[in-house]
Amino acid sequence: MIIKTAEYLQSEADWKKCPAPNLPEYAFIGRSNVGKSSLINMLVNRKSLAKTSSQPGKTQTINHFLINKNWYLVDLPGYGYAKTSKTNRAKWGKMISDYLLFRENLQLVFVLADARLEPQQIDIDFINNLGEQGIPFAIIFTKTDKVSSGKSMSNIQKMKNKLAETWEELPVMMKSSAISGAGRDEILGFIEQINENYHAIK
């Protein structure tokens, strides 16, 4: 897929106020500071489409971007650590949950996991919850450039082993690097394939 246009549309705290659900939509989410905004910018080949920050919890709304004028990319708040109150964290949790459950044009959730780390329980819990709710997703391992190939492969295998304890079939998993651009073609190709099916049905 060639990215010709990528434009910011809007940020909302209420999923009901998101853009009209008339195009296929893909949401990106992960533990705070997993490199989500950097990955999004790499995918669309823009330096600052999604705002990056060294401080976890920067993204606090549902942020919509229109890509090639035919699909939506959504930057969701990270889960886990953030320097904010329990009340705010609970509010974000409900906002994300409602969006994932009720957004009718949502085709897939990309769950980001840090390739430098062994499986994190918070990621496992989030993934299992998606499965229980019947929400389709794929896993993208980020920051593969910041750890040796052997270490990242080991961590990915540990994630597979952990999920295999409860999943009959493992989800799609991809590796990425916001620095080198690794994984870009695979991720965009995956989106393109789903888009083609979506428009064929429509």
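Coordinates for the structure precede this section.
Residues numbered from 1 in each chain as written. Predicted model: local features only at pLDDT ≥ 70, side-chain atom pairs only at ≥ 80, totals over all residues. Heavy atoms only, no water.

**Examining the overall build of the chain**
Across its full length, the chain holds five helices and seven strands. Starting at the N terminus and ending at the C terminus, the chain contains elements arranged as β-β-α-β-β-α-β-α-β-α-β-α. In the chain, buried positions account for 47% of the 202 residues. Put simply, 76% of the contacts in the chain that link residues at least 6 apart link residues at least 24 apart. A total accessible area of about 10200 Å² is found for the chain, and carbon and sulfur atoms account for 48% of it. (Helix = DSSP H or I, 4+ residues; strand = E, 2+ residues; numbered from the N terminus. Buried < 20%, exposed > 50% of the residue type's maximum accessible area, 1.4 Å probe, protein only. Contact = heavy atoms within 4.5 Å. Areas by Shrake-Rupley, 256 points an atom, 1.4 Å probe, with all protein chains shown as cover.)

**A closer look at the packing of aromatic side chains**
All told, the structure shown has seven aromatic pairs when counted by the stated rule. On the basis of an interplanar angle of 85 degrees and a centroid distance of 5.6 Å, the ring pair of Tyr26 and Trp71 is categorised as edge-to-face. Remark: Trp71 occurs in strand S4 (residues 71–75) and Tyr26 occurs in strand S2 (residues 25–30); sequence separation between them is 45 residues. Of the two residues, Tyr26 and Trp71, both sit in the buried class. Ring geometry for Tyr79 and Phe126: centres 4.5 Å apart, planes at 20 degrees, overall stacked. Of this pair, Tyr79 sits in the loop between S4 and helix H2 (86–102) while Phe126 sits in helix H3 (residues 121–133), and the two are 47 residues apart along the sequence. On the accessibility criterion, Tyr79 (10% relative accessible area) is buried. Here the aromatic cluster, defined as three or more aromatic residues joined through ring pairs, consists of Phe28, Phe110 and Phe190. (Phe/Tyr/Trp six-rings, centres within 6.5 Å; stacked < 30°, edge-to-face > 60°.)

**Some remarks on the nonpolar core**
Soluble globular proteins tend to pack their nonpolar side chains together in the buried interior. By size, the foremost hydrophobic cluster in this structure holds 28 residues, and its most contacted members are Leu100, Val109 and Val111. If near-sequence neighbours (up to four positions away) are discounted, Leu100 is found in contact with Leu76, Leu106, Val109, Phe126, Leu130 and Ile135. The next biggest cluster of nonpolar side chains, apart from the first, holds 26 residues, and it includes Ala6, Leu43, Ala50 and Leu112. (Core = buried A, V, L, I, M, F, W, Y, C linked by side-chain atoms within 4.5 Å.)

**Things to note about helix H5 (residues 184–201)**
Taking 1.5 Å of rise per residue, the 18 residues of H5 would be expected to cover 26 Å, and the 26 Å separating its terminal C-alpha atoms lies within 8% of that figure. Arg184, Ile187, Leu188, Ile191, Ile194, Asn195 and Tyr198 are the residues of H5 that are buried. Down the axis, H5 shows its buried residues gathered within 125 degrees of arc, on one side only. Counted as exposed and oriented over 90 degrees from the buried face of H5: Asp185, Glu196 and Ala200. Its buried side turned inward, H5 meets S2, helix H1 (36–44), S4, strand S5 (106–114), strand S6 (137–142) and strand S7 (173–175). (Expected span 1.5 Å × (residues − 1). Arc of directions from axis to C-beta.)

**Here's the deal with the pattern of salt bridges**
Tallied over the full model, the rule gives seven salt bridges. A salt bridge links Glu7 to Lys69, with the shortest nitrogen-to-oxygen separation between them at 3.0 Å. In this pair, Glu7 is assigned in strand S1 (residues 6–12) and Lys69 in the loop between strand S3 (62–67) and S4, connecting sequence segments 62 residues apart. Judged by its relative accessible area of 28%, Glu7 falls in the partly exposed class. Residue Lys69 is classed as exposed on the basis of its relative accessible area of 55%. The closest approach of N and O atoms between Asp75 and Lys36, which form a salt bridge, is 2.5 Å. (Salt bridge = Lys/Arg side-chain N within 4 Å of Asp/Glu carboxyl O.)

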